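For reference, the chains in residue letters:
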Amino acid sequence: MRFDDIWIAGTGGTLGDLVPVAEAVADGSYAADAAASTGMISYSRSAEAPPEMAVTVGRQAVKEAAEKGARVDADSLVLHSHGHFQGIDMWPAACWIARELLGPTLNSMPMTVAAWSNGSLASLDVAASTLIARPDVPSALLTLADRFAPPSDRWYTSPGMVFGDGAAAAVVTRGSGRLRLRSLVSETDTVLEGLSRGAEPFRTAPGEKPDMRRRTREFLATGEVSLRDVQNRSVERTRSVVGRALAEADVAPDAVDWLVTPFVGRTLHRESFVRHLDIAPRDSLHELGLTIGHLGPCDQLYGLDHLLKNDLLNPGDRILVIGTGMGFTFSAAVLTADGV
């Protein structure tokens, strides 16, 4: 969908300590050949619970948005996204985050956006659509946070990447801001949902630590699709959303200034976001990702915050953002730096 007056007015981002991947190779947690394939240098490891990180980045985003004249208050929409444990079972983290950031009483309902690693663009989509449909909602406050502490497996939960801990936030408004949303499109290939389910039965209570590699092997063993089919279907959907987003934003494939993708390893990045896409970005945040790891749903909004906080954008720069998530969802958005 094309957007004409949706803006990101403020952003926030935080990480834990950056720990060398070489330490995990040395102690046997991560195989040397896997480290060589991904090219991962370090990863973010946080001692804070994800909701605590979400409040930190939310405050950053609200402060910056207020400086831009944005209204963020009890009438604002609050969305929180995560893919992993938030520190307490059966607990509405979004409501606690909203209270910490906006006060004890809201005229809206804080909600969780469960799109796994595609949480940044899913949240932005919900926020933009709400602001178009609801003139009484002045802004949307988005927070995203995940931590992959033991017993979770940051090394092998998903092939081709290492998971890091972190959080990001954004305030989405109408009228003005720092980044202008030009388009956002999504597609889903539900056949690939089985990659994260395998042959596991439905239970009445959570099981032990999920073995994601086993689930993938079980799914491929059904013969419904081959590994090559998985790769081809993923490439097809990624190409489709990128092409649609660029067309709806009236941006040529060779006019992209910045490419922001999921923070994955070198091989996966090349095969998923470089080799098969007919784009020629001036720069990307791929090297940043190799130092912090895949932050669950946070990668894209953390990347935008990084571009803004480090003054890497020139006025008018065109940013192509790509998101993917288990399910399997594919999204692309185009933003322009019209307010930097």
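Definitions and limits used
- Starting from 1, residues in each chain are numbered consecutively following that chain's sequence as written.
- Since the coordinates come from a predicted model, pLDDT governs what is reported: local features require at least 70, and pairs of side-chain atoms require 80 or more to be given and counted, while whole-chain, interface and lining totals use all residues.
- Heavy atoms from the whole structure form the basis of all side-chain values; hydrogens and water molecules are not counted.
- Put simply, DSSP H or I for four residues or longer makes a helix, DSSP E for two residues or longer makes a strand, and each gets a number counted from the N terminus.
- Each radius of gyration is computed over the set of C-alpha atoms, and the globule rule expresses the reference value as 2.2 Å times the number of residues to the power 0.38.
- The contact definition used throughout considers only heavy atoms, calling two residues in contact when any of these lie within 4.5 Å.
- Under the convention used here, Asp and Glu are negative, Lys and Arg are positive, and both His and the chain ends fall outside the count.
- For this purpose, a charge sits on NZ of Lys, CZ of Arg, CG of Asp or CD of Glu.
- Expected span of a helix: the number of residues minus one, times 1.5 Å.
- When a residue's accessible area, from a 1.4 Å probe over protein chains only, is under 20% of the maximum for its type it is buried; when over 50% it is exposed; and in between it is partly exposed.
- Strands are treated as partners if at least two bridges between them are detected by DSSP.
- Simply put, an axis is a line fit to the C-alpha atoms, just over the touching stretch for a helix, and the angle between two N-to-C directions goes from 0 to 180 degrees.
- Stacked, tilted and edge-to-face are the three classes assigned to paired rings of Phe, Tyr and Trp, where Trp is represented by its six-membered ring and a pair needs centres within 6.5 Å; plane angles under 30 degrees give stacked, over 60 edge-to-face, the rest tilted.
- Two conditions define a charge sitting above a ring: the NZ of Lys or the CZ of Arg must be within 6 Å of the ring centre, and it must be within 35 degrees of the ring normal.
- Oblique is the label for any angle not under 35 degrees, not over 145, and not in the 65 to 115 range, which are roughly parallel, roughly antiparallel and roughly perpendicular in turn.
- If you view the pair so one helix is near and one far, a crossing is left-handed when the near helix is turned anticlockwise from the far one by less than a right angle, and right-handed when it is turned clockwise.
- We call Asp, Glu, Lys and Arg charged. Ala, Val, Leu, Ile, Met, Phe, Trp, Tyr, Cys and Pro are nonpolar, and the rest, Gly among them, are polar.
- What we call a nonpolar core is a set of buried Ala, Val, Leu, Ile, Met, Phe, Trp, Tyr and Cys residues that are connected through their side-chain atoms within 4.5 Å.

Student: Whenever I open this one, the overall build of the protein chain confuses me. Can you help?
Tutor: On a plain count of helices and strands, the protein chain comes out with 10 helices and 12 strands. Radius of gyration (C-alpha) of the protein chain: 19 Å, near the 20 Å computed for a compact globule of 340 residues. Expressed as lengths along the three principal axes of its C-alpha atoms, the size of the protein chain is roughly 50 × 45 × 35 Å. Long-range pairs, those at least 24 residues apart, make up 80% of the contacts in the protein chain between residues at least 6 apart in sequence. Charged side chains of the protein chain number 32 positive and 42 negative; the gap between the two group centres comes to 1 Å.

Student: Mind showing me how you'd approach helix H7 (residues 227–248) here?
Tutor: For H7, spanning 22 residues, the distance from its first C-alpha to its last is 32 Å, which sits close to the expected 32 Å at 1.5 Å a residue. Taken as a whole, H7 has its buried residues at Val230, Ser234, Val235, Arg237, Thr238, Val241, Val242, Ala245 and Leu246. For H7, the secondary structure elements touched by its buried residues are strand E8 (179–188), helix H6 (212–221), helix H8 (266–274), strand E11 (318–325) and strand E12 (329–336).

Student: How do you make sense of helix H10 (residues 299–309) when you look at a structure like this?
Tutor: What sets the pattern is the α-helix's 3.6 residues per turn: residues three or four places apart point alike. In terms of burial, H10 is a largely internal element, 10 of the 11 residues being buried. Looking only at H10, the buried set comprises Asp299, Gln300, Leu301, Tyr302, Gly303, Leu304, Asp305, His306, Leu307 and Leu308.

Student: Would you explain the sheet that holds strand E6 (residues 139–146) in this entry?
Tutor: Whether parallel or antiparallel, the strands of a sheet pair through hydrogen bonds between backbone atoms. Strand order in the open sheet formed by 10 strands is E5-E4-E6-E7-E1-E8-E12-E11-E9-E10, and the pairing between neighbours is mixed. Because the sheet does not close on itself, it has two edges, and the strands there are strand E5 (111–113) and strand E10 (283–284). Sheet topology note: the strand E1 (residues 2–15)/E8 ladder contains four bridges and is antiparallel. When the bridges of E8 are listed, tryptophan 7 appears paired with arginine 180. Its contacts with the sheet put helix H3 (residues 50–67) on E1, strand E4 (77–81), E6 and strand E7 (166–173), and the angle it makes with E1 is roughly 125 degrees.

Student: Sorry if this is basic, but what is going on with the packing of aromatic side chains here?
Tutor: A ring pair, where both rings are aromatic, is described by two values, the distance of the centres and the angle of the planes. Scanning the model with the defined rule gives six aromatic pairs in all. Ring geometry for tyrosine 30 versus tyrosine 156: centroids 5.7 Å apart, planes at 55 degrees, classification tilted. On the criterion of sequence distance, the pair formed by tyrosine 30 in the loop between helix H1 (21–26) and helix H2 (32–38) and tyrosine 156 in the loop between E6 and E7 is long-range, its members being 126 residues apart. Note on tyrosine 30: relative accessible area 3%, which makes it buried. Through successive ring pairs, a cluster of aromatic residues spans Tyr30, Tyr43, Trp155 and Tyr156. We note arginine 213 situated over the ring of tyrosine 156; from NZ or CZ to the ring centre the distance is 4.2 Å.

Student: Is there a simple way to think about the packing of H3 against helix H4 (residues 93–102) in this case?
Tutor: The relative placement of two packed helices comes down to the angle between their axes together with the axis-to-axis distance. Two elements in contact, H3 and H4, have axes separated by 10 Å at closest approach and are oriented at 40 degrees. Here H3 is positioned oblique relative to H4, judged by the angle of their axes. Between H3 and H4 the crossing geometry is right-handed. The residues of H4 that touch H3, namely those facing Pro51, Glu52, Ala54, Val55, Gly58 and Arg59, are Ala93, Trp96, Ile97, Glu100 and Leu101. Residues belonging to the contact of H3 with H4 are distributed by class as follows: seven nonpolar, one polar and three charged.

Student: It is not clear to me how the nonpolar core should be interpreted in this structure. Could you clarify?
Tutor: Where a protein is soluble and globular, its nonpolar side chains tend to be buried together. Judged by nonpolar contacts, the single largest core of 41 residues is most densely connected at Leu179, Leu181, Leu304 and Ile319. Those residues in contact with isoleucine 319 that sit more than four places away from it in its chain are Leu179, Trp258, Val260, Leu304, Leu307, Leu313, Ala333, Val334 and Leu335. Counting 27 residues, the second largest nonpolar core, distinct from the first, contains Phe163, Val242, Ala255 and Val334.

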